[in-house]
Every structure is written in C-alpha cells, then in structure tokens.
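Residue-level structural notes
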Amino acid sequence: MPPGLDTSRAIPTFSGCYKVGTGGFSLAYSVEDQVEFGTLLVVVWDEGAGERIWQRTYDFVPRRGQVVLEGFVLPSYITSVGFQVTWSGCGVIFTRFNVFVVLDAPKMPMDPAWVSVLRISCQWARGESTPDGAASALTQKLWENGHYNGGRPGYTRYFRDPNGWPVDDGERFYLRAFLDDPWFPYGQCNDFANFLICLITSISNPTNKARRTHQLLFTDAANFRTNWITPAGQSPTKAEWTYHQFVSTNRVWDGCLTFGEGIFVIGMEFNGYKAGLVEVILRYDWQSAPPAGWFVPEVSAISADQIPPWPWAN
Amino acid sequence: MQRWSLVVLILGGLTVLMVGQSRGREWRIDGTLIRDSGVVRSLDLNAEDMERLIYGVDEIPGYECRPNPYNGIHTLIGLNSNGDKLSGWLRSHIVRGWTNVSTVKLLRVEVRVYDKPASEYETYENYRWGTQVLPVKGSFSGLPLGEECFRYGKKQIWFRLGRCVVEIALLVRREEELADGLYIEALAWGIAYRVQQHPKRLGMAQRAMTVLVAQRPVAQGAAMSLAGVTVAPVSLLKEAGTETTVNRTREEWVVTLKRNGRWVKVKAFSWEMETGKGRVKLERPVFPYKGELIVPLRQVAEALGMVVHQRGQTIALMAK
C-alpha cells in the first residue's frame, strides 16, 4: 500500500483523488433535521466537460444512513468530478465537493499529492488516459501558462554540507511559495523542472528525476549558448546559460522552453534533446550533474515569506 | 435547524488522502494575501508599512492589477518571516504583479526588508552562485542606484538600499516589444525614493532636504536627494507661483507646469521633460508618490525660469 492510503477506505467531503474507471461507490451521510425521513438527490458532473454524468434520487431514506451509487463509475480519463448531495426533509439543504480522477496512486514526491497541485494537473491533463499522454499535456500546458523569469533565482534553494560546501545532488523546491506567486507559474528552470515533476507524479506517472546540464558553480561565465529556443512566456532567443535543469528518466521532459518556436520537449530521447538545446559550448562541456546523474527534488510546504535568502536551504 | 454533520464516500477502489498543508496566520483583502509569522520576533512593520514601499494597484499608467487566475492574488505580503524562531534572518516582503492593459505585458515589483542592513543577507556575490544567468553589475543608465545594483538582460533590475532589497521585472512575449531597461529603472528610482521616505527609516541614513521658496521652507520632508540629485513633488513648485495641470488617465499620467510664460511637461516614468525649447533629458526619472509626480527639482525649476541655489541639505528657489 502506498503511504497515504486510507485504510478505512473512506474520505470526508473535502477533495480526494481516485483511480480512473473506479466503481462501487457508496455514500454515507448524516444530516440534522426535524424529520426522520426524507429524499436524497445525488448529482455527479465532470467539471471539465461541465456535463452531468450520473444522477440518482433516493426516496424515503433515513436522515442518517448509506446509499449505494449504483452504476456510477468514474471516467476512464484524468479529470475532476463534482458531487452535489441534496437532502429534502423539513426543508432543503445541500453540500458540494469534488474528487480528482487520476491514473493511479500519486508517486514521490507528490505522495500524498497536494490538492492545489491536483487541481492544476487534473485540469491541464484532462481527458488523458495514459502516463505519457498526461506528461505531454502537462509539459505543454506548463509552457503555455508559465513565465520563465530569465534565469534569476526563484523558488529553489541548494544544500550545504556541515563544512559549508555545496552539495550538488539535491535541492529544495518551495512548492507552496511557487503556487502562491502573483505570476504563477513563474520561476527559473529549476522551478519549472521541479513543478513539472510535481504535476506528473500527482497523476501517478513515476517520472520524478531532475537533471542539470552542468554542476552548480560559483561562476562569472556562461557554460553554453543555446540554439533558438522559446522560454515560457518569452520571445525566441539564443540564451547563454551556466546550466539548465530539466526532467529526465530515460527520456526528457522540459516545460520551461520549446525548441525553435514550438517544438515541445515531450518524452524526447536524451541525445536528441542535448543536440537540440546546445548550439555551442562556451566553457565547460555538458556534465553528469549531479554526479549521480539525477535527483528527486525535495518539496517544501513553507510559504514564500519563509524562504531563506539565496542560495542556501540549510 | 438543518445541518450536514458529515457526508462520507466509501470507495471500492483506490483512495488516497490529501496532505494537509500547513497554514500560518494569514488573511486576504481582495487580491492581496498577507501572512504574519512574527510569533517570537517582529520587525515592527505592518501591511501598510509594506504597501508604502511599492506602487499602488492603480499607480502605474497603462497597467492594472489582475488577480492570478490560479491563486486569485496579485499581491503577496509576508510579515516577520522567520519570526517564529528565536534567531537567524528576519524579513518582511511585498511582491505585486501588474498586467499591461493593452499589450498584456507583465510587470512585477518585489521589496524585501531585513532586520539589519540588507548587505548582511544579499549581495552581488550571492547571486553569482548557482544561478542560470549571470547578472551584470550596474544600472541600465549607469547611475548609482542604491548601494549595489545589478541587472538581468533588458528587463530585470535588482538593487539594495539600507535594509531593503528591490527587484523589478518586466515580462514580454514579443521581441519587438522588448522592454526598455530605462523604464524598469525609472520604476526602481521611484522605489528608492519610497525607501528613503519611509517613516521607519528603512533607507537608514536618509535625510530630507529643506527647500526654501522666498526664504520660507516648503513641503518639508518631501524633497530628497537621490544619489546626489534633489527630487521633489511638483506641488512644491506651486509655492513658487507655478500653475499646474494634471492629466491622469488609465494610460498616462502627465503634469504640465506653467510659470511666467514658460512651460514644462513631465510624464510618469519618463526620463525626459518637454519644454517650450524642446525635449530635455532628466538627471532622474519622473515617478509618482502619494498621488503626485516627483521630479528632479533643479532641472524643472530652472526650465520654469527660477534660479536654484543649493548648500548642503538646503536648496533655495528664487525668481529670476
């Protein structure tokens, strides 16, 4: 069982997430009323399509009990589903809540997944039913909605060892602060890569590794010039960078930029990505960075005001 | 009385509970989210103090504050960050985003205030570490903005003054609309003025200039030296017999000053003034503060036919 699994198999009426195509729901309810019996109306709609997908009226039911949602099956694709439960007794009262429909259990580092991330991932990947399809949609939507900050420090901080030396094989991503930015999604390449990992893993795709083109340096010179790229929210450019960070397992996902003016980096083969990104090496060649080859970013829930001054997390 | 006490779903398949995200003391006012972490330590700055450091939601012509569609905010104020711990850095900050009403360009201003001189926390050297793009030292104009200043490309500027660090960025989608660095810098000079004007002395060593008109001090505290150039609100010139006309619309903020047949026209965030003799480059840009425009005093006064004498912290305007 993954961490966070509700072993009681029950969730209260705030948002939760469920696997696509799941059925066999029951609704346990309790309402305070002056009459013992009433009518319960349950309406379910797909929030993406705005369409009602299931409805049932239960007549003469007790004010406290459980009803079976017969025939109700969650959609077979990623979306969010809204519930409205209306009690008609002495008067009429209703409650609403929604659940997120994802491919399977969310994966590290989004296990358990954040509601604020699921709200976005289920919107951007709505309609997708495969891990690759969802990752592609999320990468594209991040680029379309994002604002690359030009490469200055954003919502990521690095670690130091006890002697004060930088540790290159990890970083802390201040996810809540990133979500709260007035320009959300706004940040540098680290933030885009880390947030893409959060989006992708929240809908159960296990792609969760970040990688850099170069090791972190105290530097006064760029390491490479890019080919023509279009950073999110910016015009096409050839940038000179000390490093770039992206999402990589055996393939590459990069929501921070497109090659040229619209070639998305969605599941690109590594050597193709490398060739597409780098026009010329200006200083140090592409490196295995971090030395281990990849890291899973640590995700922090602290707010923007609590982020320590650049560049250290510890 | 009717009330739902509980509605529970029981599921036959997978259920995963969401993590509860920690929430501090926070509140919202329209599109502004405010958080206060000052449980143990405080900077003695409230939300209004932070607002004083930044332009108002309607103070930048051509721009307006639109709540972000995903989180509903355009302004974030963090008070007494790290103030729940007994020691270590202590900071308050304000960040606000504007959208250009016609081009949809995005503008962002952030001010961070520390418990000590900000140089103890943020310097150019810090920003050389682990950064994707290297900052370039100095301002766009070459003028000494703050105690330390650097920029990224043509669209972002950073400076430090007293206990404050300021960052201003403009985002544009199209190359032909590439931001003018001087526009960004004009915004920055306006923030530097606000830092120096702040009643809690966040600029630390600031000292107001005394302006004399007909041997009489006027508009005390409003005139300031910005890196050696005295700036003051245009209303101060009324005391010297200047007639003022303000044209403030959603798109522009222009003030025309007339005196003895001479005239000067200044515009918010411009580095030029128009006069009867043509355009004149200004030593400091024009920017708004508390509902009026702040201008380089000597240049504007002289263009209106006045004689300006300065000695130390005192500057005298005299009719020719």
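Residues numbered from 1 in each chain as written. Chains lettered and ligands numbered in written order. Predicted model: local features only at pLDDT ≥ 70, side-chain atom pairs only at ≥ 80, totals over all residues.

Within chain A one finds five helices and 21 strands. Overall, the C-alpha framework of chain A stretches about 80 × 40 × 35 Å when taken along its three principal axes. Every one of the 314 residues in chain A was classed for burial, and the buried ones make up 46%. Considering only contacts within chain A whose residues lie at least 6 apart along the sequence, 72% involve residues at least 24 apart. (Helix = DSSP H or I, 4+ residues; strand = E, 2+ residues; numbered from the N terminus. Buried ≥ 20, exposed ≤ 12 C-beta atoms within 10 Å, placed from the backbone. Contact = placed C-beta atoms within 7 Å.)

The next point concerns the domain arrangement of chain B. One widely used convention gives an interface's size as the accessible area the parts lose upon coming together. All names here are of chain B. Segmenting chain B into domains produces domain 1 (25-197) and domain 2 (210-319). A C-alpha centroid distance of 27 Å is found between domain 1 and domain 2. In this complex, domain 1 contributes 17 residues to the contact, which on the side of domain 2 involves 17 residues. Considered class by class, the residues forming the side of domain 1 that touches domain 2 number eleven nonpolar, four polar and two charged. (Domains from an automatic or database assignment. Nonpolar A, V, L, I, M, F, W, Y, C, P; charged D, E, K, R; others polar.)

Core analysis: the largest hydrophobic core is formed by 168 residues, its most contacted members being Val101, Leu138 and Leu196 of chain A together with Ala188, Val295 and Val300 of chain B. Among residues more than four places away in sequence, those in contact with leucine 138 of chain A are Ser121, Trp124, Ala125, Leu196, Leu199 and Ile200 of chain A. (Core = buried A, V, L, I, M, F, W, Y, C linked by C-beta atoms within 7 Å.)

With that settled, consider the confidence of the model for chain B. As a note on interpretation, predicted positions should not be read in detail where pLDDT is low. All names here are of chain B. Summarising the model, chain B shows a mean pLDDT of 87, and 89% of its residues fall at 70 or more. This stretch, residues 4-23, has a pLDDT under 50; its non-local contacts, to residues over four places away or in other chains, come to 71 contacts. Reported for the predicted complex are a pTM of 0.88 and an ipTM of 0.83. (pLDDT = per-residue confidence, 0-100.)

What follows is about the domain arrangement of chain A. Residue and element names in this part refer to chain A. Taken domain by domain, chain A holds domain 1 (16-102) and domain 2 (115-306). Summarising the inter-unit geometry, the C-alpha centres of domain 1 and domain 2 are found 39 Å apart. Tallying the contact residues gives eleven residues for domain 1 and ten residues for domain 2. Of all the elements in the fold, those that place two or more residues in the side of domain 1 that touches domain 2 are strand 7 (79-88) and strand 8 (92-102). Here the side of domain 1 that touches domain 2 is composed, by residue class, of seven nonpolar, four polar and no charged.

Attention shifts here to helix 1 (residues 115-124) of chain A. Of the residues making up helix 1 of chain A, those classed as buried are Val117, Leu118, Ile120, Ser121, Cys122 and Trp124 of chain A. Residues of helix 1 of chain A that are buried sit in contact with strand 2 (16-19), strand 7, strand 8, helix 2 (131-145) and helix 4 (189-202) of chain A.

What follows concerns the sheet that holds strand 2 of chain A. All names here are of chain A. As summarised here, the arrangement of the five strands in space is 2-8-7-4-5, forming an open sheet in which the pairing is mixed. Looking at strand neighbours, the two that pair on one side only are strand 2 and strand 5 (51-62), the edges of this open sheet. When strand polarity is set aside, the average angle formed by the axes of neighbouring strands in this sheet is 25°. Contacting strand 2, strand 7 and strand 8, helix 1 crosses the sheet at an angle of about 70° to strand 8. (Pairing = 2+ DSSP bridges. Axes fitted to C-alpha atoms, helices over the stretch in contact; angles between N-to-C directions.)

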